[in-house]
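So you can see what is in the structure, the chains are spelled out below.
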Amino acid sequence: MKSYIQLFLASLKAKSTTAGKSSVVVIFTSTEPKEGVSYVVNSFAMELAQRTRQRVLVADAEDLQKADIFNLSKAAEYCQQIDLPNLFLMLSDDDDEFPNYIGSGEQLQIGTEDTKLERGLKNLQTLRLAFDFILVDCSALSDSGDAALLAPSANGVILVVEANRIRREQVRNSLKTIGMVNGNFLGCVMNKRRYPIPNWLYHRM
């Protein structure tokens, strides 16, 4: 929980010191697949929504680059509020509720020559007007360039690291990748960590 609190405070700091941006966008990624990025994103989103009582959106990077949110009125069609107050989820192109995602080879209404990245950035720009926090769930850096491409336009990047699996050198390489694209690194979340000492004993130490 301490890691979430620290990242939460870092995000608030980014929000208060970033001029000209209406909301905070945080990219979540990992070095390798299956390190639990989605779990961390959802947990952090719940923490933000409950603590700030501001509008928080969770969006998948792939869906963000395929959606057609060319004006603010379209945001409500793509983003669905869940049971927790102030927490929203961007619908996936797999959802039957809203199938109008841009398919392969199709073009956006907002431009006839938009690349996948440009789609995502334009959609993100619109969503900034509708939400206070946007948490973007990205694939691992070893699998996709989404996190690196979106990082310069975000307020910060959080790296999810699976304990006892990812080597220190791999983490360093991931941080170099984020730095090379001028991404603002906020911190790491150690996921799937095992505690050899019982939790009650930690509190006595």
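Caption draft 1: Summary view of the nonpolar core. One finds Ile27, Leu57, Met90, Leu127, Phe131, Ile134 and Val136 to be the most contacted residues of the largest nonpolar core, which totals 31 residues. A per-element tally of this core places strand E6 (residues 156-162) first, with three residues. Residues Phe44, Leu84, Val160 and Val189 belong to the second largest nonpolar core, which totals 20 residues.

Caption draft 2: Local environment of the side chain of Gln65. Tracing the backbone through its elements, the reader meets Gln65 in the loop between helix H3 (61-64) and helix H4 (72-78). Reaching out from Gln65, the side chain makes a polar contact with the backbone oxygen of Ala61 at a distance of 3.2 Å. Beyond its immediate chain neighbours, meaning those up to four positions away, Gln65 contacts Lys116, Leu117, Arg119, Gly120 and Asp146.

Caption draft 3: Representation of the pattern of salt bridges. As enumerated under the stated definition, the model contains four salt bridges in all. Among the salt bridges present, the one from Glu62 reaches Lys116, with a minimum N-O distance of 2.9 Å. In this pair, Glu62 is assigned in helix H3 and Lys116 in helix H5 (residues 116-128), connecting sequence segments 54 residues apart. Judged by relative accessible area, Glu62 falls into the partly exposed class, the value being 31%.

Caption draft 4: Local environment of the confidence of the model for the protein. Model confidence for the protein is summarised by a mean pLDDT of 80, while 72% of its residues fall at 70 or above. Confidence, read as mean pLDDT per element, is least for helix H8 (residues 199-202) in the protein (54) and greatest for strand E2 (residues 56-60) (96). Here residues 102-112 is modelled with pLDDT under 50, and outside its nearest four sequence neighbours on either side it reaches 17 contacts, counting other chains as well.

Caption draft 5: Representation of helix H2 (residues 37-52). Under the 1.5 Å per step criterion, the end-to-end length of H2 is 22 Å for 16 residues, consistent within 8% with the ideal 22 Å. Taken residue by residue, H2 has Val37, Val40, Val41, Ser43, Phe44, Ala45, Glu47, Leu48, Ala49 and Thr52 as its buried positions.

Caption draft 6: Focus on the pairing of E6. Within E6, seven of the seven residues are buried, which leaves it mostly tucked inside the rest of the structure. A two-sided burial pattern is seen for E6, the buried positions comprising Gly156, Ile158, Val160 and Glu162 on one face and Val157, Leu159 and Val161 on the other. Across five bridges, the pairing between strand E1 (residues 24-30) and E6 is parallel. Across the sheet, residue Thr29 finds its bridge partner in E6, namely Leu159.

Basis of the calculations
- Residues numbered from 1 in each chain as written.
- Predicted model: local features only at pLDDT ≥ 70, side-chain atom pairs only at ≥ 80, totals over all residues.
- Heavy atoms only, no water.
- Core = buried A, V, L, I, M, F, W, Y, C linked by side-chain atoms within 4.5 Å.
- Buried < 20%, exposed > 50% of the residue type's maximum accessible area, 1.4 Å probe, protein only.
- Helix = DSSP H or I, 4+ residues; strand = E, 2+ residues; numbered from the N terminus.
- Polar contact = N/O pair within 3.5 Å; in protein donor to acceptor, adjacent residues only side chain to side chain.
- Contact = heavy atoms within 4.5 Å.
- Salt bridge = Lys/Arg side-chain N within 4 Å of Asp/Glu carboxyl O.
- pLDDT = per-residue confidence, 0-100.
- Expected span 1.5 Å × (residues − 1).
- Pairing = 2+ DSSP bridges.

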